[in-house]
Each structure stands twice: as structure tokens, then as C-alpha cells.
Amino acid sequence: GAVVSQHPSWVICKSGTSVKIECRSLDFQATTMFWYRQFPKQSLMLMATSNEGSKATYEQGVEKDKFLINHASLTLSTLTVTSAHPEDSSFYICSARRDRDTNQPQHFGDGTRLSIL
Amino acid sequence: GENVEQHPSTLSVQEGDSAVIKCTYSDSASNYFPWYKQELGKRPQLIIDIRSNVGEKKDQRIAVTLNKTAKHFSLHITETQPEDSAVYFCAASIRMGWGKLQFGAGTQVVVTP
């Protein structure tokens, strides 16, 4: 159990394009989802916390108008990178937690490799 | 906020030997400590976790210890195998902030046959 699906797995697009990434919990309801960014050979950097039915909470330094997060249901959260530029190229990974118990593990999606030309 | 430090950054071990990775955290309110294994280009996979009311947990060749007083926790892998080669991340979660995780910098483990 606790499967998290993320799509697409790879995106290559031109500068200025907006890209939407989906994160789905397939076999459980995720009240909280998290979005991370990971550069090569670096750790996971939390971008924002997404709670179903409410606005996402962004980490310091992350532009909320640049990275739009929508958590419309208990099984789906989306991250839209608006007007993407080469510096936005990175590995984006979502995770989901089964319930509101903060001591429960986060389960990660397979990640989306975003390349902006 | 929480700060997690992880050491070493790289670890080379001979197959069959043990590997130990250590992490320290700064926020005494942290109460959940997972360890993730990430292979190149893949998602982090939870390998073991420990909660603040427990001092040690073991799952086959993997064990984690927690010292709340000193605010550090460690991952122990015994009888290492080549398939243990990966990057390992420790993390600490705090109750505030919906249990978001602060990750360590990661440890590249290489197990040589």
C-alpha cells in the first residue's frame, strides 16, 4: 500500500512555457502532500506543503506565483511551474502522507525531471 | 527552524562490512525520524523510521538508534551488499508545520564486492 504516482516523469519544453505536474495517492487518502525540488547530487529541498481544501504553505524563498499548487481532492495535488525558465530545470518530487498524524511516513512519487530549453 | 546535519557525505565499505551514518538535529520538538534510500534518478524510499518515544528499532540488516538528549540518530547497516549502494538521507519531522521533513545532506554509500 501507500503508492504515490507522479506524472509526467520527464518534461522538456521551451522557455516561457507553463508546466503542470500531477501527484496522486493511488490507494490511500492524503490529507497532506509535499512538493520538493532536488538538484543533482543535492538533498531534497521542501518547496511547499499542500493541504486538501486549503491554500498551500510555501517555504521561505519559494515564489508562490511562480509555483502554483492546487490540492483539490484527497488524492490529487498539482504543481504548475509558470513561465518556466532554464533555472527552473530540476527534479521535482512530491510526497503524500496518509493522514493528519505527523508521525506517519511520507511516501514519494517517482519524480518529474523538468528541462527548460 | 529545524537543522539536520548528516555525516559522512560519502562512505565506502567492503561487502559484508557494516556501515554507519550519523545525523544530528537542532529542534528538540522533533519527534519523528525517517531514513530514505535513493538510487540514482529514482524516488526516495523509506527504509526505516523511529519515533521519539523509542530508542532503537531494527528491521533485518538495518537498525536505527535515537539519542534524544544528545539530539542525534544513526543508521546502521550490517552485512552490506552491493545493492545497498545508494544515497541515504536522514530527516527530522516536527509537529508544527504539518510534520514537514527537514532532510540531511545525504550520504553516498558505495559497497564494493
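Notes on the structure in this doc start here.

What counts as what
- Residues numbered from 1 in each chain as written.
- Chains lettered and ligands numbered in written order.
- Predicted model: local features only at pLDDT ≥ 70, side-chain atom pairs only at ≥ 80, totals over all residues.
- Heavy atoms only, no water.
- Helix = DSSP H or I, 4+ residues; strand = E, 2+ residues; numbered from the N terminus.
- Rg over C-alpha atoms; globule rule 2.2 N^0.38 Å.
- Buried < 20%, exposed > 50% of the residue type's maximum accessible area, 1.4 Å probe, protein only.
- Contact = heavy atoms within 4.5 Å.
- Areas by Shrake-Rupley, 256 points an atom, 1.4 Å probe, with all protein chains shown as cover.
- Lys, Arg positive; Asp, Glu negative; His and termini not counted.
- Charge placed at Lys NZ, Arg CZ, Asp CG, Glu CD.
- Pairing = 2+ DSSP bridges.
- Axes fitted to C-alpha atoms, helices over the stretch in contact; angles between N-to-C directions.
- Buried area = accessible area lost by both parts, 1.4 Å probe.
- Salt bridge = Lys/Arg side-chain N within 4 Å of Asp/Glu carboxyl O.
- Patch = residues over 30% accessible without salt bridge, like charges linked within 9 Å, V, L, I, M, F, W, Y side chains within 5 Å.

Quick look at the overall build of chain A now. A tally of helices and strands in chain A yields zero helices and 11 strands. The C-alpha radius of gyration of chain A comes to 13 Å, within 12% of the 13 Å expected for a compact globule of 117 residues. Overall size of chain A, expressed as C-alpha extent along the three principal axes, is 40 × 25 × 25 Å. Scored against the burial criterion, the 117 residues of chain A give a buried share of 52%. At a minimum sequence separation of 6, the contacts of chain A that also span at least 24 residues come to 55%. Taken as a whole, chain A presents about 5500 Å² of accessible surface, with 51% of it coming from carbon and sulfur. Of note, chain A has its 12 positive side-chain charges centred 4 Å away from the centre of its 11 negative side-chain charges.

Residue and element names in this part refer to chain A. The four strands are arranged 1-3-8-7 in an open sheet whose pairing can be described as antiparallel. Only two strands of the sheet have a single partner each, and these edge strands are strand 1 (4-7) and strand 7 (67-73). With strand direction ignored, the average angle separating the axes of adjacent strands in the sheet is 15°. Here strand 3 (residues 19-25) runs beside strand 8 (residues 76-81); their pairing, made up of six bridges, is antiparallel.

With that out of the way, let us pick up the interface of chain B and chain A. The partner chain A presents 25 residues to the 21 residues of chain B that form the contact. Taking both partners together, chain B and chain A bury about 1900 Å²; carbon and sulfur atoms supply 50% of that area. Among the residues of chain B in contact with chain A, Arg 43, Trp 98 and Lys 100 of chain B are the three that bury the most area, contributing 35% of the side total. Applying the counting rule to chain B against chain A returns two salt bridges. In this structure, Arg 43 of chain B engages Asp 110 of chain A in a salt bridge whose closest nitrogen and oxygen atoms are separated by 2.9 Å.

Turning to a nonpolar patch on the surface, a few remarks are in order. All names here are of chain A. Where nonpolar side chains cluster on the molecular surface, the patch consists of Trp 10, Ile 12 and Leu 117 and spans about 380 Å² of accessible area. Relative to the assigned elements, Ile 12 resides in strand 2 (residues 10-13). We classify Ile 12 as exposed; its relative accessible area is 53%.

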